[in-house]
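Examining the three-dimensional arrangement
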Amino acid sequence: MRRRRSPARLVIALSVAATLAVFLLYTSFAGGATPSLRPSQLADHPGKVSLAGVVLAPVRGDARGDGLRFRLRDIDGKATVNVVYRGSVPDLFKAGRNVYMRGELVNGVFVAERDSLVTKCPSKYVPKDS
Amino acid sequence: MTLELVGLALGAALAVVAVVFVARPLLGESRRGEGPAPADDARIRLLEQRDRALAALKELEFDHRTGKVSDADYRALVGPLRREVAVALQALKPREERPKREVDVHA
Amino acid sequence: MPELGRAALVVALGLTVYAAGAGAWAAWRGRRRLADSAANALFAAFGAAVVASVVLLAALAGRDFSFAYVARSTSRELPLGYTLAAFWSGQAGSLLLWFLVLTGVGSAAVALNRKLVREVLPWTVPILAGVGTFFAFLLVVVATPFATQVPPVDGAGMNPSLQNPYMLAHPPLLYLGYVGLTVPFAFAMAALASRRVDERWIVATRRWTLGAWTFLGFGILLGAKWAYEEVGWGGWYAWDPVENAALMPWLVATAFLHSVMVQEKKDMLRVWNVVLVALAFGLSLFGTFLTRSGVINSIHSFTQSSIGPWFLGFIALVAAASTVLILRRLPVLRSRTRLESLVSREAAFLYNNLFLVALALTVLWGVVYPLVSEAVRGVAVTVGAPYYDFFAVVFGLPLVLMMGIGPLVAWRRASLKALAVSLAWPGSAALVAGAALLLGGAGSSLLGLVGYTFAVFVLGAIVLEFVRGTRARHALSGGGWGAALGSLVARNRRRYGGYIVHAAIILLLVGAVGIGAFGTTREAKLARGETMDVGGYTVRYLGSEQIRGANAVELRAGLAVSRGGDDLGIVRAGKNRYLAEQETSNEVAIRSDWLRGEDLFVIADQFNSDGSVYLKVLVNPLVNLIWLAGLVFVAGALVTMWPDAREQRRLARRFADEGALARA
């Protein structure tokens, strides 16, 4: 038994098509997503990325002056990269913490965007289970 | 040590109570009995249709009164709705043994 | 007494397994007594969950560090309130809370709906118990809160950012919301399984769904308030995966609450409604999974835990089972009525649904895309706020517009002329407001201008609805205008309660646009005695001090605030150094001005050794409306849920007619 097409179906079909179109246009023009990398993967990805890793001591410099400088290591690896960061420093920031930030590699140094540094707290609720 | 035993004993007691509670409907006669026969699907549908049409009629009257529904729209909609109510009531009639309730369509 | 806790959980697992297995068998073969026994097992499982919870609470209250769970999340110096809140601040405890609420709410829904949906209940019980089995299994086998150890001298303490009053209420409210959505899911699936797809499962679950949705919505806002005060970056919602986790099921539940009215009034969208119910439940499981498994890089959760795969497996199972069930029942679900016109209330609900679901799905994609990308391409990505902001605007603005138009459109069919008459008032109010805003200088942000114009439009429509309704009631029954308004709302609580909720959403919009589009931020390094100007305020740094608090050292910068020469007093912003936890947290200073409707928000970012301090100061206009929206939202939801004697009588009459009600 064939049912006549109801206007509801037409509306749904049109809206789904419109939604998909907006979605595809947005994702193709604006991107929407930046690659999230570990220090070991940095060399292969020029341009703006977000970088996650473990902060290694020593941490030098002034984030409000010419920049906080430290090395960042893969969370489960050995590769490291030098980082320079300016802006506000989260309370939980210290050597040994996992952090991530946005920025790009310039002459072998990862220059982070202002105020982009975020510490990953071990958990919302549970202290690290280690 | 003793505290541990107390804990285990309480746990065992909990288990026993739970089992008794769960098994009760299976042992004695079910307190809830058989009750009325399961509802008849076709009849439920008719009753839902009747109530739906009555509610729609009531809402249409009120919307017309507030001015949300224009006179022309009201005239176009009220006829089919009244027919729907009538059809549902008619279909329900043969099984209704009680005298018909007065249907108050005006809010 | 960890033994009792463990025993209670094992008993609970046994009971849920029995309720699921025996219940399904009883429903399938039509065994009444066995079905009653399965229902009793569900009730008993709730009892066992209560026992386990009491054991855990007692251990927390007594700070019994031989419980590994207690030692991990509390310390001796932690205030009692937060110590008890550790019940739901850890993974195992929050799973126990899920289980407790699930069995409790499920039992209550089953017990209270005994008469209404008698043929459906035998299936409801095993479905609820099936979900319960999953959580009981996790609690017994994978993540038990009753693991013991040699007691350490002191516990590890609670993450300082959780030591905030809002955190006492936020997680349990969210859980009530997540778990509450299990009830409509269980009843809907049971209605399908028993082929009783009439309206009764909707009537039976209406208030449960509304309640869950209210808890979820209010919980999200409390979380936002917590983030605003405690995380302290100056905003209130950051599209963090864990925040999105609660937002997605809320959006889908909102869509369901609207589309279900179309089913009640027009007997349409029956398939769509069960799909929405299943989707909302799936998303609330997914939300628990996101919060708990730590698969996603968020500022919140990074516990790599063992429950992730179990959760994914269970979500897949639920999705597959509900899909199969819905497909098998398509023939009985097919509705006999069709959409009469594209300009009608039901069509408006349809558009609203499409936007809401589209928004929920784009948020879902933003949350899931990083995982998909890593699995497929090997490159992890992050999806940032711009993505979410874009879609919140693209789908949100039409939604707001629909919120204004929808209520003014009649059911079934409306002529465009009648609609135009109705829209004249709110429309012109919006135009006037838009022009006034432009003159007032709000043109600095196009989004702000459009947002506020739309807000005025919707508010105008809501006021118009109330005014016209009250006038008609007054004409019908006479009496005072107040009585007419009261009777109007009392006679149609769902409609007018819904309008109040709409007003709350508009308040939220006005606040969100205020802080997003018209806020000001300044940063400066101040030595003692120096000042900075921001958004009309002048802030002078007076110096800093250290105070020893209950469980933390509190470092504070004193700041004198003035505005146009008026002294507005002193605020203190700084940091707390928690001793047991060895953590620091920002303690921002917020000076709310209710008259101007704006907050002065001061972050003391860094204290330097030379006595100077880096300050970040924000002026957040209208942010208070966001919190006010939370209260209005709850008020509106209460109006909708309030027992309605007239409706009860009508239903009782119908079901008495049906003979489906036992005449007890």
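Chains are numbered independently. Their residues run from 1 in the order of the written sequence. Chain letters start at A and ligand numbers start at 1, both assigned in the order the entries are written. Under the rules for a predicted model, residues below a pLDDT of 70 receive no local features and side-chain atom pairs below 80 are neither given nor counted, while totals for whole chains, interfaces and linings still include all residues.

So, on to the overall build of chain C. The secondary structure content of chain C amounts to 21 helices and 10 strands. Radius of gyration means the value over C-alpha atoms here, while the globule rule gives 2.2 Å times the residue count to the 0.38 power. For chain C, the C-alpha radius of gyration of 27 Å lies close to 26 Å, the compact-globule estimate for 664 residues. Dimensions along the principal axes, computed over C-alpha positions, put chain C at roughly 80 × 75 × 60 Å. Taken over 664 residues, chain C has a buried fraction of 57%. Expressed as a percentage of contacts within chain C between residues at least 6 apart in sequence, the contacts between residues at least 24 apart total 73%. Helix and strand assignments come from DSSP, with helices taken as H or I runs of at least 4 residues and strands as E runs of at least 2, each series counted from the N terminus. Exposure criterion: with C-beta atoms placed from backbone coordinates, a residue whose C-beta has 20 or more other C-beta atoms within 10 Å is buried, one with 12 or fewer is exposed, and one in between is partly exposed. It is the C-beta atoms, placed from the backbone, that decide contacts: two residues are in contact if theirs lie within 7 Å.

Below, the discussion takes up the overall build of chain B. Helix and strand content of chain B: 3 helices and 0 strands. Start at the N end of chain B and walk to the C end: the helices and strands fall as α-α-α. Relative to its 107 residues, chain B shows a buried fraction of 24%. A separation threshold of at least 6 residues defines the contact pool for chain B, and within that pool the share at least 24 residues apart is 79%.

Attention shifts here to the sheet that holds strand S4 (residues 537-548) of chain C. Residues and elements named next belong to chain C. An order of S3-S4-S5-S6-S7 is seen for the 5 strands of this open sheet, with the pairing classed as antiparallel. Bordering the open sheet on either side are strand S3 (531-534) and strand S7 (583-587), each of which pairs with just one other strand. The sheet shows a mean angle of 30° between the axes of neighbouring strands, direction not considered. A pair of strands counts as paired when DSSP detects no fewer than two bridges linking them. Fitting a line to C-alpha atoms yields each axis, with helices limited to the stretch in contact; the angle taken between N-to-C directions then spans 0 to 180 degrees.

This part takes up the interface of chain C and chain B. Between chain C and chain B, the residue contacts involve 43 residues of the former and 41 residues of the latter. Mapped onto the side of chain C that touches chain B, the elements with two or more residues apiece are helix H1 (2-29), helix H2 (32-61), helix H16 (416-439), helix H17 (446-477) and helix H21 (645-658) of chain C. A total of 10 residues in the side of chain C that touches chain B trace back to one element, the largest contributor, which is H2 of chain C. By residue class, the composition of the side of chain C that touches chain B is 20 nonpolar, 6 polar and 17 charged. Classes in brief: Ala, Val, Leu, Ile, Met, Phe, Trp, Tyr, Cys and Pro nonpolar; Asp, Glu, Lys and Arg charged; the others, Gly included, polar.

As used throughout, a nonpolar core is a set of buried Ala, Val, Leu, Ile, Met, Phe, Trp, Tyr and Cys residues joined through C-beta atoms within 7 Å of each other. With 229 residues, the main nonpolar core has Ala8, Ala12, Leu15, Ala19, Leu42, Ala48 and Val252 of chain C as its most contacted residues. When residues in this core are grouped by element, the largest group, 18 residues, is from helix H9 (residues 200-231) of chain C.

Let us look at the environment of valine 153 of chain C. Tracing the chain through its elements places valine 153 of chain C in the loop between helix H6 (121-142) and helix H7 (165-180). With 7 C-beta atoms counted inside 10 Å, the residue valine 153 of chain C sits in the exposed group.

Moving on, we get to the confidence of the model for chain C. Residues and elements named next belong to chain C. Per-residue confidence from the predictor is reported as pLDDT, a score between 0 and 100. Averaged over chain C, the pLDDT score is 88; the fraction of residues at 70 or greater is 96%. Predicted confidence is poor over residues 660-664, with pLDDT under 50, and the contacts of this stretch with residues over four places away or in other chains come to 9 contacts. In the model output, the complex is listed with pTM 0.89 alongside ipTM 0.80.

Let us look at H1 of chain C. Residue and element names in this part refer to chain C. Taking 1.5 Å as the rise per residue, H1 with 28 residues should run 40 Å; its terminal C-alpha atoms sit 40 Å apart, in good agreement. Burial within H1 is extensive, with 21 of its 28 residues counted as buried. Count one or two residues on from H1 and you reach glycine 30, which has phi positive near 70°. In this analysis, the expected span of each helix is defined as 1.5 Å times one less than the number of residues it contains.

For the rest of this paragraph, the subject is the arrangement of the chains. By contact count, the leading pair among the 2 pairs of chains in contact is chains B and C. Separated throughout, chain A and chain B approach each other most closely at a C-alpha pair spaced 19 Å apart.

Below, the discussion takes up H16 of chain C. Helix length check: H16 of chain C (24 residues) gives 32 Å between terminal C-alpha atoms against 34 Å at 1.5 Å per residue, within 8%. The bend at a residue is defined as the angle formed between two axes, one fitted to the seven residues ending at that residue and one fitted to the seven starting there. At alanine 424 of chain C, H16 of chain C shows its maximal kink, close to 45°; a proline, proline 426 of chain C, follows between one and four residues later. Burial in H16 of chain C covers these residues: Ala418, Ser422, Leu423, Pro426, Ala430 and Ala433 of chain C. In the core, the buried residues of H16 of chain C are packed alongside helix H3 (71-92) of chain B together with helix H15 (385-405) and H17 of chain C. Looking one or two residues beyond H16 of chain C, the residue adopting positive phi is glycine 441 of chain C, at roughly 95°.

Here the focus is the sheet that holds strand S9 (residues 598-607) of chain C. All names here are of chain C. If you trace the 4 strands from one edge of the open sheet to the other, you get S2-S10-S9-S8, paired in antiparallel fashion. Where the open sheet ends on each side, the last strands, each with one partner, are strand S2 (520-526) and strand S8 (589-593). Averaged over neighbouring strand pairs, the angle between their axes works out to 15° when direction is ignored.

Helix packing for two helices is described by the angle between their axes and how far apart those axes are. All names here are of chain C. Contact geometry of H6 with helix H8 (residues 182-193) gives a least axis separation of 8 Å together with a crossing angle of 135°. Overall, the two elements H6 and H8 adopt an arrangement that is oblique. Every pair of crossing elements has a handedness; the one defined by H6 and H8 is right-handed. On the side of H6, the interface is formed by Trp123, Thr124, Ile127, Leu128 and Val131, while H8 contributes Thr182, Ala186, Phe187, Met189, Ala190 and Ala193. Tallied by class, residues from the contact of H6 with H8 come to 9 nonpolar, 2 polar and no charged. The cut-offs work like this: below 35 degrees is roughly parallel, past 145 is roughly antiparallel, 65 to 115 is roughly perpendicular, and the gaps in between are oblique. Crossings are classed by handedness, with left-handed meaning an anticlockwise turn of the near helix from the far one by less than a right angle and right-handed meaning a clockwise turn.

This brings us to the pairing of strand S2 (residues 49-62) of chain A. Residue and element names in this part refer to chain A. Bridging between S2 and strand S5 (residues 98-106) involves 6 bridges; their strand directions are antiparallel. Of the residues in S5, the one forming a bridge with valine 54 is asparagine 98. As paired elements, S2 and strand S3 (residues 67-73) share 6 bridges and run antiparallel to each other. Considered in S3, the bridge of leucine 56 is made with arginine 71. Remark: 4 residues form the turn of the hairpin made by S2 and S3, two consecutive strands paired antiparallel.

Before going further, it helps to spend a moment on the packing of H2 of chain C against H6 of chain C. Residues and elements named next belong to chain C. One can describe the packing of H2 onto H6 by two numbers: an axis separation of 9 Å at closest approach and a directional angle of 35°. The hand of the H2/H6 crossing is left-handed. Together, Ala35, Ala38, Ala39, Leu42 and Ala45 of H2 and Pro122, Val125, Pro126, Leu128, Ala129 and Gly132 of H6 make up the contact between the two elements. Looking at the contact of H2 with H6 residue by residue, the class counts come to 10 nonpolar, 1 polar and no charged.

Residue and element names in this part refer to chain B. Residue-level pLDDT values for chain B average 78, and 75% of them are 70 or greater. Least confident of the elements in chain B is helix H2 (residues 41-66), whose mean pLDDT is 85; most confident is helix H1 (residues 2-27), at 89. Counted against residues more than four places away or in other chains, residues 96-107, with its pLDDT under 50, gives 9 contacts.

Here we take up unusual backbone geometry. Looking along the chain, the bond that leaves alanine 57 of chain A and enters proline 58 of chain A is cis, with omega of 0°. Residue placement: proline 58 of chain A occurs in strand S2. The backbone phi angle of arginine 63 of chain C is positive, close to 45°, even though this residue is not glycine. A positive phi angle, close to 60°, is found at aspartate 267 of chain C, a residue other than glycine. By the element assignment, aspartate 267 of chain C lies in the loop between helix H10 (241-266) and helix H11 (270-293).

A separate point is the environment of leucine 485 of chain C. Residue and element names in this part refer to chain C. Its location among the elements puts leucine 485 in helix H18 (residues 481-491). Its 18 C-beta neighbours within 10 Å are what place leucine 485 among the partly exposed residues. In this structure the C-alpha to C-alpha distance between leucine 485 and histidine 474, which are 11 residues apart in sequence, comes to 8.1 Å.

So, on to the environment of leucine 89 of chain B. Considering the arrangement of structural elements, one finds leucine 89 of chain B in helix H3. Distance from leucine 89 of chain B to leucine 47 of chain B, taken between C-alpha atoms, is 8.4 Å for residues 42 residues apart in sequence.

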